[in-house]
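# Secondary and tertiary structure notes
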Amino acid sequence: MKTFKYIFLSAVTCLSLNSCELLQPDDIVNPNVSEDTFLSSANAMQAWVNGANRSFAESIGSYCELMEILSDNYYNNYSQSSKVFDIPRILYTDSDVTKLQRYIGTMRESADYGINTVAAADPATTQDELFNLYYIKAYAYILGGEYFLALPDKNGGEVKTWDEYLQTALTVLDDALDYAATDEDKAFIHTLKARAYYRLGDRTNASNEAQTSLSLSPEFVKQVQFDGDNGVTNSIQQATWGTWFQPLPRLDFLDPKYFQITSTEERSISIGKAEENYLILAEASLAGNDEVGAKNYMKQLLSLVQSRPVQSNINDQLEGRFNGGYKHFPNSSEYKVAASEGESFRLGLVLDRQAPHLISIPYISGTSVTETMIDEASGIDETLELVYLMRQEIFFAEGRRVADLGIRMPVCEVEAANTPSAADYLEALIPSFIPLNQGMDEFVMDENAKEVVIRYNMNKVIVENKSSEYVAPFFN
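Everything quoted here is computed from the prediction, not taken from an experiment.

This brings us to the overall build of the protein. A tally of helices and strands in the protein yields 16 helices and twelve strands. In summary, the protein has a C-alpha radius of gyration of 22 Å against a globular reference of 23 Å for 476 residues, a match within 12%. Over its C-alpha atoms, taken along the principal directions, the protein stretches across nearly 70 × 50 × 45 Å. Scored against the burial criterion, the 476 residues of the protein give a buried share of 58%. Long-range contacts, defined here as pairs at least 24 residues apart, represent 76% of the contacts in the protein between residues at least 6 apart. Counting every atom, the protein has about 18300 Å² of accessible surface; 44% of that belongs to carbon and sulfur.

The structure is reproduced here in structure tokens:
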């Protein structure tokens, strides 16, 4: 642990002190100090929280980048970033698996050090700073619980299973509530609790937490911030505002969620928003055979999504939906898209981006679902499929889809070499109903008829397998 303190202090916190205006404290001149000198300096906690926030933001950006191509949301159409996650192929020897695991450890350890050591040394520590560190720590456990089979929960410790990680997240979130000063902060924490209970399959507690959150703030959004002027960059923005990643054609209208209006702009990423609570309540209603109640929640959700901001006049004319990549994607609003063979074609899912067209993109939440579609859905399965389409669209580019698909990563090679209890968790979980060989990204495009047929409607696949242990947690 001592080694971690010095490495983190020099490599993360001290970098933030010198190079980032957004995260920069006021009084540190020479950051190359010993631990004791740092702890006795003015504004030590402010400096530590700044460094933790910078590291947290960059970690979330990387998670979003890699989880989006691991899902059916995006295809990596270029040479940058992982090519094997798109298959999906997830090996415990993969450096990206190691990197993602290390992010979780860094979040957890940096938060713990701030809470247990820096706070004790700095009498100026504020309630808001402690709240900040507690939610970073909780978020580390949520990521571990959603995306991995198991992970150590302390430096050098034995591995804990994903559900143990989520149970720990709930405990840390209760600690965070003690420091939440506003209704929006409390709503954020209760939403994260609902998210953890949801993944654990606890319908009662997930619903209660979702209702509590909505009673506190029915439209809150919590985001991580970046700073392009000072090198704190959002890596998924580079991949999607650029031409590396191409969205599944039925999601084209949501891309790029992280656009640039100025040359150094780095867009924020949502880590909690009120929409999640309506989605949880709708799915919980369906699990209780209450189709009418579910549709009521879905319509409330639709009203919230429609109230979210939309950025207009975005110039995305350099995006050709090919640009030297591996395959062509539709690039005209003339295209109709079917979610799979035999399903109805829909217009309005693909945008015109070529000159002279400018586009409009919802950047908190967006959906193609309409009130008519909700009314016309018949039965539990059809309505549940629509809920999962809304989940996919509303959480698009936020790294959330992989958990809904039931995919989990293994313990990485470095950890496995030093932790005997990791031996049972070295092979990724890819449920048998997940198409391999890039099947989730496949579609057939008829350029003459202007029609696109996606090979697999993964929302339908989720519903067809809702009784399995891997997806739709309220149904198994």
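Here the focus is the pattern of salt bridges. Under the criterion given, the structure shown has 26 salt bridges. One salt bridge in this structure joins K193 and E209, with 3.3 Å as the shortest N-O distance. Of the two residues, K193 sits in helix 7 (residues 183-200) while E209 sits in helix 8 (residues 203-216), which places them 16 residues apart along the sequence. Here K193 and E209 have matching classes, each one buried. Where R308 meets E275, a salt bridge forms, and the shortest distance between an N and an O atom there is 2.7 Å. A residue pair is termed long-range when its members are at least 10 positions apart, and R308 in the loop between helix 11 (291-307) and strand 7 (310-314) and E275 in helix 10 (residues 275-287) qualify at 33 residues.

We now examine the packing of helix 5 (residues 127-147) against helix 6 (residues 162-177). In contact at an axis separation of 8 Å, helix 5 and helix 6 are set at 165 degrees when each is read in the N-to-C sense. Taken together, the axis directions place helix 5 and helix 6 in an arrangement best described as roughly antiparallel. As helix 5 runs across helix 6, the sense of the crossing is left-handed. Of the residues in helix 6, those touching helix 5 at F131, Y134, K137, A138, A140, Y141, I142, G144 and G145 are W162, Y165, L166, T168, A169, V172, L173, D175 and A176. Its residues placed into classes, the contact of helix 5 with helix 6 shows 13 nonpolar, three polar and two charged.

Tracing the chain through its elements places K295 in helix 11. We classify K295 as buried; its relative accessible area is 13%. The contacts of K295, once residues within four sequence positions are left out, are I374, D375, A377 and T383.

Moving on, we get to the nonpolar core. Judged by nonpolar contacts, the single largest core of 139 residues is most densely connected at F56, I60, M67, F85, Y147, F148 and M409. Counting residues per element, this core draws most heavily on helix 3 (residues 44-70), at 15 residues. With residues up to four places along the chain from it excluded, the contact list for F85 reads L66, M67, I69, L70, I90, D94, D96, V97, L100 and M409.

If you add up the space inside the second largest pocket, you get close to 490 Å³. Mapped onto the lining of the second largest pocket, the elements with two or more residues apiece are strand 8 (336-338), helix 12 (371-376) and helix 13 (379-394). Top element by residues in the lining of the second largest pocket is helix 13. It accounts for four residues.

For helix 3, spanning 27 residues, the distance from its first C-alpha to its last is 39 Å, which sits close to the expected 39 Å at 1.5 Å a residue. Of all 27 residues making up helix 3, 25 are buried, and the element is well covered by its neighbours.

Let's shift gears to the environment of S368. Counting through the fold element by element, S368 comes out in the loop between strand 10 (359-362) and helix 12. C-alpha of S368 to C-alpha of L254: the two residues are 114 residues apart in sequence and 9.3 Å apart in space. Excluding its chain neighbours within four sequence positions, the residues that come into contact with S368 are F253, R346, L349, M373, L389 and E393. Polar side-chain contacts of S368 include one of 2.6 Å to the side chain of E393.

As a further point, take the pairing of strand 4 (residues 221-224). Because side chains alternate across strand 4, one face comprises the buried residues K222 and V224, and the other comprises V221 and Q223, none of which is buried. Here strand 4 pairs with strand 6 (residues 269-273) via four bridges, running antiparallel. Bridge pairing in strand 6 links K222 to G272.

Definitions and limits used
- Position numbers for residues count from 1 along each chain, tracking the sequence in the order it is written.
- Residues qualify for local features only when their pLDDT is at least 70, as the model is predicted, and side-chain atom pairs are given and counted only at 80 or more; totals for whole chains, interfaces and linings, by contrast, use all residues.
- For the side-chain quantities, the full set of heavy atoms in the structure was used; hydrogens and water were omitted.
- Secondary structure elements follow DSSP: runs of H or I no shorter than four residues count as helices, runs of E no shorter than two count as strands, and numbering proceeds from the N terminus.
- C-alpha atoms define the radius of gyration in this analysis, and the globule rule sets the expected value at 2.2 Å times the number of residues to the power 0.38.
- Burial classification: accessible surface area is computed with a 1.4 Å probe over protein chains only, and a residue below 20% of its type maximum counts as buried, one above 50% as exposed, and the rest as partly exposed.
- Contact definition: two residues touch when any of their heavy atoms are within 4.5 Å.
- Method for areas: the Shrake-Rupley scheme with a 1.4 Å probe, in which residue coverage is limited to the protein chains shown.
- For this document, the term salt bridge refers to a Lys or Arg side-chain nitrogen within 4 Å of an Asp or Glu carboxyl oxygen.
- Lines fitted to C-alpha atoms define the axes here, with helix axes fitted over just the stretch in contact, and angles between the N-to-C directions of these axes take values from 0 to 180 degrees.
- Each angle gets one of four labels, with under 35 degrees taken as roughly parallel, over 145 as roughly antiparallel, 65 to 115 as roughly perpendicular, and the rest as oblique.
- Less than a right angle of anticlockwise turn of the near helix away from the far helix marks a crossing as left-handed, whereas a clockwise turn marks it as right-handed.
- Each residue receives one of three labels: charged for Asp, Glu, Lys and Arg, nonpolar for Ala, Val, Leu, Ile, Met, Phe, Trp, Tyr, Cys and Pro, and polar for the others, Gly being one of them.
- By convention a nonpolar core is built from buried Ala, Val, Leu, Ile, Met, Phe, Trp, Tyr and Cys residues, the set being connected through side-chain atoms within 4.5 Å.
- Residues are said to line a cavity or pocket when one of their atoms sits within 4 Å of a point; the points come from a 1 Å grid over protein atoms alone, cavities being sets where a 1.4 Å probe fits but cannot get out and pockets being open sets with protein on both sides within 12 Å along at least five of seven lines.
- Grid points are joined across faces, edges and corners, and a volume is the space filled by probe spheres set on the points.
- In a helix, the anticipated span is given by 1.5 Å times the number of residues less one.
- What qualifies as a polar contact is a pair of N or O atoms within 3.5 Å, subject to a donor-acceptor requirement within protein and to the restriction that residues adjacent in sequence count only when both atoms come from side chains.
- At least two DSSP bridges between two strands are required for those strands to pair.

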